[in-house]
Amino acid sequence: AEPHIVISKNHPLVRQHRPITLSALAPYGMIRYLGQYDDLAHSLFETQLQSAGEAPSGKVIYLSNRESLMRLISVSDFYSIGIHDFEMQDAGYRAMSVPISGCDFLFEFGYVMMEGEPMSDLTREFLDNVKARLS
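The following paragraphs examine the structure supplied in this document. Note that the coordinates shown come from a computational prediction; the quantities given were computed from them, not determined experimentally.

Cut-off values and rules
Residues numbered from 1 in each chain as written. Predicted model: local features only at pLDDT ≥ 70, side-chain atom pairs only at ≥ 80, totals over all residues. Heavy atoms only, no water. Helix = DSSP H or I, 4+ residues; strand = E, 2+ residues; numbered from the N terminus. Contact = heavy atoms within 4.5 Å. Areas by Shrake-Rupley, 256 points an atom, 1.4 Å probe, with all protein chains shown as cover. 1 Å grid on protein atoms, 1.4 Å probe; cavity = no way out; pocket = protein on both sides within 12 Å on 5 of 7 lines; lining within 4 Å. Points joined across faces, edges and corners; volume = space filled by probe spheres on them. Nonpolar A, V, L, I, M, F, W, Y, C, P; charged D, E, K, R; others polar. Buried < 20%, exposed > 50% of the residue type's maximum accessible area, 1.4 Å probe, protein only. Arc of directions from axis to C-beta. Polar contact = N/O pair within 3.5 Å; in protein donor to acceptor, adjacent residues only side chain to side chain. Pairing = 2+ DSSP bridges. Axes fitted to C-alpha atoms, helices over the stretch in contact; angles between N-to-C directions. Salt bridge = Lys/Arg side-chain N within 4 Å of Asp/Glu carboxyl O.

A closer look at the overall build of the protein
A count of helices and strands for the protein gives 6 helices and 5 strands. In the protein, the order of α-helices and β-strands from amino to carboxyl end is β-α-α-β-α-β-α-β-α-β-α. Pairs at least 24 residues apart make up 72% of the contacts formed inside the protein by residues separated by at least 6 positions. When the accessible surface of the protein is summed, it comes to about 8400 Å², and 54% of that surface belongs to carbon and sulfur atoms.

Rendered as structure tokens:
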């Protein structure tokens, strides 16, 4: 899945009406989930910035839930990294997901199953939904 930034519709970069690059994001603060997959996203982001000769702002806020993250995005110039829009993102928080222009990494999702164990109907339905959303 292509990484996106989750950002307020009122963010200065959105008002410029130009593609948003990693370099353009460097001065702004980032919101991260504490101890979740976001550690990987943050590391990839920093690696991309460093290879472009940029340094991130160093402003990082750690949160533990999506509600707090979206509320903070809606009232600030901070951003987060995600994969695409979700329900109520715009209506509830005036936020949007934007592909990162020039970003050359992708998120890859997978799953592990016990050998010889049949997949339950619930698991199959979940994986079908994930595949549909990410394709």
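A closer look at the layout of surface pockets
Estimates place the volume of the second largest pocket at around 190 Å³. What lines the second largest pocket is Phe-109, Gly-110, Tyr-111, Phe-126, Leu-127, Val-130, Lys-131 and Leu-134. Among the residues forming the lining of the second largest pocket, the class breakdown is 6 nonpolar, 1 polar and 1 charged.

Digging into helix H4 (residues 66-74)
All of the buried residues in H4 are Leu-69, Met-70 and Ile-73. End-on, the buried residues of H4 take up no more than an arc of 90 degrees, which puts them together on one face.

Focus: the environment of Val-14
Assignment of secondary structure puts Val-14 in helix H1 (residues 12-15). Along the sequence, Val-14 and Met-96 sit 82 residues apart, while their C-alpha atoms lie 9.5 Å from each other. Apart from residues no more than four positions distant in its own chain, Val-14 is found in contact with Ile-7, Ser-8, Lys-9, Ile-20 and Met-96.

Points about the side chain of Ser-80
Within the fold, Ser-80 resides in strand S4 (residues 80-82). Here Ser-80 is in contact with His-4, Ile-5, Val-6, Ile-31, Leu-69 and Ile-73, once residues within four sequence places are set aside.

What to know about unusual backbone geometry
In this structure, His-17 takes a positive phi of about 55 degrees despite not being glycine. Mapped onto the elements, His-17 comes out in the loop between H1 and helix H2 (22-25). The class of His-17 is exposed, set by a relative accessible area of 73%.

Concerning the side chain of Arg-32
With respect to the helices and strands, Arg-32 occurs in strand S2 (residues 30-33). In this structure Arg-32 comes out as buried when scored by relative accessible area, which is 7%. Within the structure, the side chain of Arg-32 is placed 3.2 Å from the side chain of Tyr-62, a separation counted as a polar contact.

Quick look at the sheet that holds strand S1 (residues 4-8)
Spatially, 3 strands are ordered S4-S1-S5 in an open sheet, and the strand pairing comes out antiparallel. Edge positions in the sheet fall to S4 and strand S5 (95-99), since each has one partner strand and no second. Direction aside, neighbouring strands of the sheet carry axes that sit 40 degrees apart on average. On top of the sheet, H4 reaches S1, S4 and S5; it is set at about 60 degrees to S1, its chief contact.

What about the pattern of salt bridges?
Applying the stated criterion across every chain yields a total of 1 salt bridge. The partner of Arg-71 in a salt bridge is Glu-67, and the shortest N-O contact between them spans 2.5 Å. With Arg-71 and Glu-67 both in helix H4 and 4 residues apart, the pair spans about one turn of that helix.

Notes on the pairing of S2
Burial along S2 is two-sided: Met-30 and Arg-32 facing one way and Ile-31 and Tyr-33 facing the other are all buried. The sheet contact formed by S2 and strand S3 (residues 60-63) spans 4 bridges and is parallel. For Arg-32, the partnering residue across the bridge sits in S3 and is Tyr-62.

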